[in-house]
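# Analysis of the macromolecular model
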Amino acid sequence: MVTRWEELMEISGDGAGNRVARLAGGRDQVGRARRLVSAALGRGHPRHDDCVLLTSEIATNAVVHSRSGDGGTFTVTVSRLPDRVRICVEDDGSAAPPCAGHPLPNGSSQGGRGLPLLDLLADRWGLVREAGRNEVWFEVWSDGERHAAALTRRRPAARVRPAVAARGATSG
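Now for a quick tour of the structure. Just so you know, these numbers come straight off a predicted model, no measurement behind them. (Residues numbered from 1 in each chain as written. Predicted model: local features only at pLDDT ≥ 70, side-chain atom pairs only at ≥ 80, totals over all residues. Heavy atoms only, no water.)

If you walk through the whole model with that rule in mind, you get zero aromatic pairs. Over the ring of tryptophan 137 we find arginine 86, and its NZ or CZ is 4.1 Å from the ring centre. (Phe/Tyr/Trp six-rings, centres within 6.5 Å; stacked < 30°, edge-to-face > 60°. Lys NZ or Arg CZ within 6 Å of the ring centre and 35° of its normal.)

Given below as structure tokens:
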């Protein structure tokens, strides 16, 4: 069943069961990115709120810190896997790679929390910078899966994948 939000966002599938939305690079589109994630997961998902918050942060970064916010677009992809959710935001690129803790240009203390929040709430996250474009992705497991994963490995601060010649040559 297609919801009203899905019609407005022009959500499509990519043949692998992922939900994909290409959005204009305006700040008002960050809310649409949140609604995409909420609709794809459903409010009953155990990590719904974490996924919506993290999507909001990285979509905002795409609009504020990349060419997406200068008349470009950004793409949000939501992948529901059997053991986890993976969300990617790809923007139109920037002069420098995304970096944690950059203050907003106007000196506001309101910014600079997106990537540190990823580190705190995501089970894994990373950055792919390829052909001048940035893709920030994160994964979260259900609470039970997250607890089991924590027992078997120590989570690093961040996973950063270098750009690769062929997309998909390395896995996140």
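Within the secondary structure, serine 68 sits in the loop between helix H3 (48–65) and strand E3 (73–80). Take serine 68: its relative accessible area is 0%, and that puts it in the buried class. Between the C-alpha atom of serine 68 and that of leucine 23, which follows or precedes it by 45 residues, the distance is 9.4 Å. Filtering out sequence-adjacent residues up to four positions away, serine 68 remains in contact with Gly25, Ala62, Thr73, Phe74, Asp91 and Asp92. Among the polar contacts made by the side chain of serine 68, one reaches the main-chain carbonyl oxygen of threonine 73 at a distance of 2.6 Å. (Helix = DSSP H or I, 4+ residues; strand = E, 2+ residues; numbered from the N terminus. Buried < 20%, exposed > 50% of the residue type's maximum accessible area, 1.4 Å probe, protein only. Contact = heavy atoms within 4.5 Å. Polar contact = N/O pair within 3.5 Å; in protein donor to acceptor, adjacent residues only side chain to side chain.)

Quick look at the pattern of salt bridges now. This model, assessed by the stated rule, comprises eight salt bridges. We note a salt bridge from arginine 47 to aspartate 50, for which the minimum N-O separation is 2.9 Å. Across the pair glutamate 139 and arginine 124 runs a salt bridge whose closest N-O atoms are separated by 3.0 Å. Here the residue glutamate 139 occupies a position in strand E6 (residues 133–141), and arginine 124 occupies one in strand E5 (residues 124–130), the gap between them amounting to 15 residues. With respect to class, glutamate 139 is no different from arginine 124; both count as buried. Because the salt bridges share partners, they merge into one network encompassing Asp83, Arg84, Arg86, Arg124 and Glu139. (Salt bridge = Lys/Arg side-chain N within 4 Å of Asp/Glu carboxyl O.)

Looking now at the pairing of E6. The buried count for E6 comes to eight of nine residues, which makes it a mostly enclosed element. Sheet analysis places strand E4 (residues 84–90) next to E6, joined by seven bridges and oriented antiparallel. From the neighbouring strand, arginine 84 faces E6, where its bridge partner is tryptophan 141. Pairing of E5 with E6 involves seven bridges; the strand directions are antiparallel. Considered in E6, the bridge of glutamate 130 is made with arginine 133. If you look at the hairpin formed by E5 and E6, you'll find two residues sitting between the two strands, and alanine 131 has a positive phi there, around 55°. (Pairing = 2+ DSSP bridges.)

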